[in-house]
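# A look at the structure
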Amino acid sequence: MKYFEDIEIGSRTAFGSYTVTREEVIDFATKYDPQPFHLSDEAAAKTHFGRLSASGWHTCAMMMSMLVDNLKDTQQAGLGSPGQDELRWLKPVYPGDTLRVEIEVIDKRASQSRPEMGSYRSLITVLNQNDVAVMTTIAIGLVATRPNG
């Protein structure tokens with residue numbers, strides 16, 4: 001089990017492989033972000049996207065799926081997250097793209113009020129199959145400290 005004390009500033013990890021399908025782009029957009037360029041090739045062709053593109057929120061959801069799969073493998077004593085900072089959608093994500101994730105821990109802090117936990121911030125970069133960054137965010141994670149005994 002990986003605890004707060006085990007997290008090292010500057011550590012990096014890379015993981016994931018998620019291929020985006022046309023069907024899920026349209027399904028996600030229909031439910032959560034029904035803008036025309038996420039729903040129709042014809043509408044998207046009239047925009048700077050040029051073709052059907054995934055919602056940025058869908059990109060976040062795909063990143064989260066890969067992140068949770070990775071956390072299952074690393075068995076971190078995670079306690080959730082109070083949020084994200086500096087979310088940026090840098091490039092469009094298109095059906096057929098294959099995404100992956102790179103993470104760098106940029107700082108950490110022991111809780112002053114709750115000694116059983118700490119927090120850390122990580123720069124998360126989502127890249128496509130051409131190693132082009134399509135999204136970045138700074139994630140804040142809460143993690144348990146190592147139990148005494």
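Quick caveat: nothing in here was measured; it's all calculated off a predicted structure.

By the definition in use, this model includes three aromatic pairs. Pairing Phe28 with Tyr32 gives two aromatic rings, centres 5.0 Å apart and planes at 50 degrees, and the pair type is tilted. Here Tyr32 and Phe28 lie together in helix H1 (residues 22-32), a separation of four residues that amounts to about one turn. Overall, the relative accessible area of 16% leaves Phe28 in the buried class.

Further remarks concern the side chain of His38. Summarising the element assignment, His38 is placed in the loop between H1 and helix H2 (41-45). At 2.7 Å, the side chain of His38 forms a polar contact with the backbone oxygen of Ser53. When residues no more than four places from it in sequence are discounted, the contact partners of His38 are Val25, Ile26, Ala29, Asp33, Leu52, Ser53, Ala54 and Ser55.

Here we take up the sheet that holds strand E4 (residues 117-127). Read across the sheet, five strands follow the order E1-E3-E4-E5-E2 without closing on themselves; strand pairing throughout is antiparallel. Strands at the two margins of the open sheet, each flanked by one partner only, are strand E1 (12-19) and strand E2 (83-89). Across the sheet, the mean angle separating the axes of adjacent strands is 20 degrees when strand polarity is ignored. Across ten bridges, the pairing between strand E3 (residues 98-110) and E4 is antiparallel.

Calculation criteria
- Residues numbered from 1 in each chain as written.
- Predicted model: local features only at pLDDT ≥ 70, side-chain atom pairs only at ≥ 80, totals over all residues.
- Heavy atoms only, no water.
- Phe/Tyr/Trp six-rings, centres within 6.5 Å; stacked < 30°, edge-to-face > 60°.
- Helix = DSSP H or I, 4+ residues; strand = E, 2+ residues; numbered from the N terminus.
- Buried < 20%, exposed > 50% of the residue type's maximum accessible area, 1.4 Å probe, protein only.
- Polar contact = N/O pair within 3.5 Å; in protein donor to acceptor, adjacent residues only side chain to side chain.
- Contact = heavy atoms within 4.5 Å.
- Pairing = 2+ DSSP bridges.
- Axes fitted to C-alpha atoms, helices over the stretch in contact; angles between N-to-C directions.

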